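Here is what each chain is made of, one letter per residue.
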Amino acid sequence: MAATAGNNCVKHISVLRKDLEQFSNSAPTTNASIRGQIMTTLTALSSELDRMEGLIKGETNVTKREKSTARNKDLRAQYSELKVSYEQLGRRRDDEVAAQSRQELLGRRPTHNATPENPYANAGQEREQQSRQQGNLNEASALNRMGNTLDEYIESGLASLGDLRDQSTALKGTQKRLRDIAVGLGLSGDTIRLIERRTKGDKWIFYGGCLFTLICFYFILKWFG
């Protein structure tokens, strides 16, 4: 029912608000874990909103349909607001991490309180030190960009997983209708069972692909998170 889907959306929104507050107050080292959690909830909320909209279209009671439509519109507005807040907070946190890394690297630069007798004696060492610091800054910037790219990949993967889940639900309903049609057309039980075995094999391929994707995400987070 649309009302149940709406209640699920409210729960997701409540979780998102808590996670965003935690993300705002958390240390930079927890970025990867909390971001993955927020993106998962955002994807689940988006899928639930789409499911709610589909249920609304099938509602025959005009009053309930109008009420559910207004509620869906309000929930989508909250979803958009939370998504924008997350993106802005993520960019601000990335800037903070980059600035902190730059400050730490610059803080390692040695200071000289006394002027040496020969001002050019350590010129070569200073140039080498500056070159090393610049290399560290470039490395930190590259790691930051890599983290952002991984976040985008994870978000895209979660969205694809949600789409596949919705497609699986739709295919189950289609399979049942096709079975009823096949029985009505007089197809033999052996033919129907053969089709079902083929469908079952495709289902295992689908689950295997999902498992492989999750394993890839795990190792990506383990190596680069």
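Residues numbered from 1 in each chain as written. Predicted model: local features only at pLDDT ≥ 70, side-chain atom pairs only at ≥ 80, totals over all residues. Heavy atoms only, no water.

Peer 1: Could you give an account of the overall build of the protein, naming the residues involved and the relevant values?
Peer 2: Scanning the protein from terminus to terminus reveals five helices and zero strands. The buried share of the protein, taken over its 225 residues, is 22%. Put simply, 76% of the contacts in the protein that link residues at least 6 apart link residues at least 24 apart. Roughly 15900 Å² of accessible area belongs to the protein as shown, and the carbon and sulfur atoms make up 56% of that amount. (Helix = DSSP H or I, 4+ residues; strand = E, 2+ residues; numbered from the N terminus. Buried < 20%, exposed > 50% of the residue type's maximum accessible area, 1.4 Å probe, protein only. Contact = heavy atoms within 4.5 Å. Areas by Shrake-Rupley, 256 points an atom, 1.4 Å probe, with all protein chains shown as cover.)

Peer 1: Summarise the side chain of Arg35; cite the residues concerned and give the values.
Peer 2: Locating Arg35 in the fold gives a position in helix α2 (residues 31-57). A distance of 2.7 Å separates a polar side-chain atom of Arg35 from the backbone oxygen of Gly90. (Polar contact = N/O pair within 3.5 Å; in protein donor to acceptor, adjacent residues only side chain to side chain.)

Peer 1: Tell me about a nonpolar patch on the surface, and name the residues and values.
Peer 2: A contiguous nonpolar patch, built from Leu211, Ile215, Tyr218, Phe219 and Trp223 and spanning about 560 Å² of accessible area, is present on the exposed surface. Structurally, Phe219 is set in helix α5 (residues 189-224). (Patch = residues over 30% accessible without salt bridge, like charges linked within 9 Å, V, L, I, M, F, W, Y side chains within 5 Å. Salt bridge = Lys/Arg side-chain N within 4 Å of Asp/Glu carboxyl O.)

Peer 1: Run through helix α1 (residues 2-25), naming residues and quoting values.
Peer 2: Compared with an ideal rise of 1.5 Å per residue, which puts 24 residues at 34 Å, α1 spans 35 Å between its outermost C-alpha atoms and is within 8% of the ideal. Buried residues of α1: Ala2, Ala5, Gly6, Cys9, Ile13, Leu16, Asp19, Leu20 and Phe23, and no others. (Expected span 1.5 Å × (residues − 1).)

Peer 1: I'd like to hear about the nonpolar core, residue by residue, with values.
Peer 2: The biggest cluster of nonpolar side chains holds 23 residues, and the ones touching the most others in it are Ile38, Leu45 and Tyr86. Elements that contribute at least two residues to this core include exactly α1, α2, α3 (62-107) and α4 (123-185). For this core, the element with the highest residue contribution is α2, accounting for eight residues. With near-sequence residues (within four places) excluded, Ile38 lies in contact with Leu16, Asp19, Leu20, Phe23 and Tyr86. (Core = buried A, V, L, I, M, F, W, Y, C linked by side-chain atoms within 4.5 Å.)

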